[in-house]
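Chain by chain, the residues run as shown.
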Amino acid sequence: MSQTELEVEKSTQEVVAFCVAEQDFCFDIMSVREIRGWTETTTLPHAQSYVKGVINLRGSVVPVVDLSDRLGFGPSEPSARHVIIITVVEGQTIGLLADVVSDILAVSDDAMHAVPEMVSDQVKAFISGVVLVEDRMIRRLDLGRVVPTAGREAA
């Protein structure tokens, strides 16, 4: 592999792109453990509205976060077409409910842009950047902020 090929490879990052409430989002593919079809959840009383419940993932209890509700688009009505993206955030395994996974993309640093300064802090709390891919603008999620951990709650 030539030096130029190595430099190109270093400046490219793979992301998983998906839709939530007909909006495009993505995050680093290294955070994904697996993608599975919708599975009914067991509701947890008094959980946050965006926590759909928990699922049994090969003997582990995994909470499922409704990304649509968490991102302010309103709660999802999951169906067999929805997917759960299993991620690991700060050592905790979490399922993220999305409408569909659309792509796995190799994104160059040139295609990643900062969130405009004029948007609210609440938007910046969840979105770490905007990726330009062909004619699409895909918002990049900051999973550490989207998925609250014990003792920390983002916006």
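Now for a description of the structure that goes with this document. (Residues numbered from 1 in each chain as written. Predicted model: local features only at pLDDT ≥ 70, side-chain atom pairs only at ≥ 80, totals over all residues. Heavy atoms only, no water.)

### A few points about the sheet that holds strand S4 (residues 51-57)
And then number 1: Pairing in this open sheet of 5 strands is mixed, and the strands run S3-S6-S7-S5-S4 from one edge to the other. In this open sheet, the two edge strands, each paired with only one partner strand, are strand S3 (32-37) and S4. For this sheet, the mean angle separating the axes of adjacent strands, direction not counted, is 30 degrees.
And then number 2: In this structure, strand S5 (residues 60-66) lies alongside strand S7 (residues 92-98), joined through 3 bridges in parallel fashion. Counterpart to Val 64 in the pairing with S7 is Gly 95. (Pairing = 2+ DSSP bridges. Helix = DSSP H or I, 4+ residues; strand = E, 2+ residues; numbered from the N terminus. Axes fitted to C-alpha atoms, helices over the stretch in contact; angles between N-to-C directions.)

### What to know about the nonpolar core
And then number 1: The biggest cluster of nonpolar side chains holds 24 residues, and the ones touching the most others in it are Phe 18, Phe 27, Leu 67, Ile 85, Leu 96 and Leu 141.
And then number 2: Breaking this core down by element, the ones donating at least two residues are strand S1 (12-20), strand S2 (23-28), strand S6 (83-89), S7 and helix H4 (143-146).
And then number 3: Residues within four places of Phe 18 in sequence aside, it is in contact with Gln 23, Asp 24, Phe 25, Cys 26, Phe 27, Leu 67, Ile 85, Ala 98, Val 100, Val 101, Ser 102 and Leu 141.
And then number 4: By size, the runner-up hydrophobic cluster in this structure holds 9 residues, among which are Cys 26, Leu 105, Val 131 and Ile 138. (Core = buried A, V, L, I, M, F, W, Y, C linked by side-chain atoms within 4.5 Å. Buried < 20%, exposed > 50% of the residue type's maximum accessible area, 1.4 Å probe, protein only. Contact = heavy atoms within 4.5 Å.)

### What about the side chain of Ser 68?
And then number 1: By secondary structure assignment, the location of Ser 68 is in helix H2 (residues 67-70).
And then number 2: A relative accessible area of 5% places Ser 68 in the buried class.
And then number 3: If sequence neighbours within four positions are ignored, Ser 68 has contacts with Val 20, Ala 21, Phe 73, Gly 74 and Ser 76.

### Describing the packing of aromatic side chains
And then number 1: Within the structure shown, the criterion is met by 3 aromatic pairs.
And then number 2: Among the aromatic residues, those joined into a ring-pair cluster are Phe 18, Phe 25, Phe 27 and Phe 73.
And then number 3: Directly above the aromatic system of Tyr 50 lies the positively charged group of Arg 70, at a separation of 4.4 Å from the ring centroid.
And then number 4: One residue, Arg 139, lies across the ring of Phe 25, its end atom 4.6 Å from the ring centre. (Phe/Tyr/Trp six-rings, centres within 6.5 Å; stacked < 30°, edge-to-face > 60°. Lys NZ or Arg CZ within 6 Å of the ring centre and 35° of its normal.)

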